[in-house]
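As a plain string of letters, each chain reads:
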Amino acid sequence: MRLILLGPPGAGKGTQAKFLVERLQIPQISTGDMLRAAVKDGTPLGRDAKQYMDRGALVPDEIIIGLVRERLQRPDCARGYILDGFPRTVTQAEALGKTLEALHASLDHVVSLEVPTEDLVLRIAGRRTCRNCGAMYHVRFSPSQTDGRCDACGGPTYQREDDREETVRRRLAVYADQTAPLISLYEAQGLLRRVPGTGEIGEIFHRITTALGA
Ligand SMILES: [Zn+2]
């Protein structure tokens, strides 16, 4: 099964992807991991990518798409895969379509994990991280026993810059702007499966597998 998993920050995409990998026995392909691996292995595309990353610049689409093309031809992708974090734009989606065509393959489903913005803000802005050991807490859903102190090591907990409410709202707005055209595109192709991402984790997974017929 060839899948794309879409979802805003805080939607629980990572958790659900892990469940899907186990259930379907197919790899999760994340462009972030792929870029890091290619750079580490010093492949030609990895070396190109590194020049941009070293400057703090965005890695151009051609390089990302090249990496995806290579990755999809590995033996572990024979039974399918879950694309995570790619495509992000319509341009990337079109390039992916061409790549798949050249490989005589096609997508089966595009899962859009949908969570209301206010729920996402609550989920992310409530996170607290231990400065010492990196343990994560949530002021509402999994608070530490003593406010502001880590249960594991006693270190101070704090709110990461990325988790501040205004930063979260900005990230979510950017995500929505970027993804809306992608969602319309896959909806028009009849591939989009909208899955509500609220409620219990197991229940959400059940909704996803039902939508996939898996
Ligand atoms: Zn700690």
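Definitions and cut-offs
- Residues numbered from 1 in each chain as written.
- Predicted model: local features only at pLDDT ≥ 70, side-chain atom pairs only at ≥ 80, totals over all residues.
- Heavy atoms only, no water.
- Pairing = 2+ DSSP bridges.
- Helix = DSSP H or I, 4+ residues; strand = E, 2+ residues; numbered from the N terminus.
- Axes fitted to C-alpha atoms, helices over the stretch in contact; angles between N-to-C directions.
- Contact = heavy atoms within 4.5 Å.
- Salt bridge = Lys/Arg side-chain N within 4 Å of Asp/Glu carboxyl O.
- Buried < 20%, exposed > 50% of the residue type's maximum accessible area, 1.4 Å probe, protein only.

J.: Help me understand the sheet that holds strand β1 (residues 2–6) in this model?
T.: The strands that make up a sheet pair up through hydrogen bonds in the backbone, lying either parallel or antiparallel. The strand order β2-β3-β1-β4-β8 describes an open sheet built from five strands, whose pairing is parallel. For this open sheet the edge positions go to β2 (28–30) and β8 (192–196), each flanked by a neighbour on one side alone. The mean inter-strand angle of the sheet, taken between neighbouring strand axes irrespective of direction, is 25°. Of the strands in this sheet, β1, β2, β3 (81–84) and β4 (109–114) are in contact with helix α1 (residues 13–24), which crosses β1 at around 165°.

J.: Is there a simple way to think about the pattern of salt bridges in this case?
T.: Side-chain pairs of opposite charge can arise whenever the charged atoms involved come near each other. Scanning the entire structure with this criterion turns up eleven salt bridges. In this structure, Asp84 engages Lys13 in a salt bridge whose closest nitrogen and oxygen atoms are separated by 2.4 Å. Placement of Asp84 in strand β3 and of Lys13 in helix α1 is noted, with a sequence separation of 71 residues between them. Residues Asp84 and Lys13 agree in their burial class; the two are buried. Among the ionic pairs, Lys50 bridges to Asp54, the shortest N-O distance being 2.8 Å. Here the residue Lys50 and the residue Asp54 both occupy positions in helix α3 (residues 44–54), the gap between them amounting to four residues, near one helical turn. The partly exposed category is assigned to Lys50, whose relative accessible area is 37%. Assessed through its relative accessible area of 57%, Asp54 is described here as exposed.

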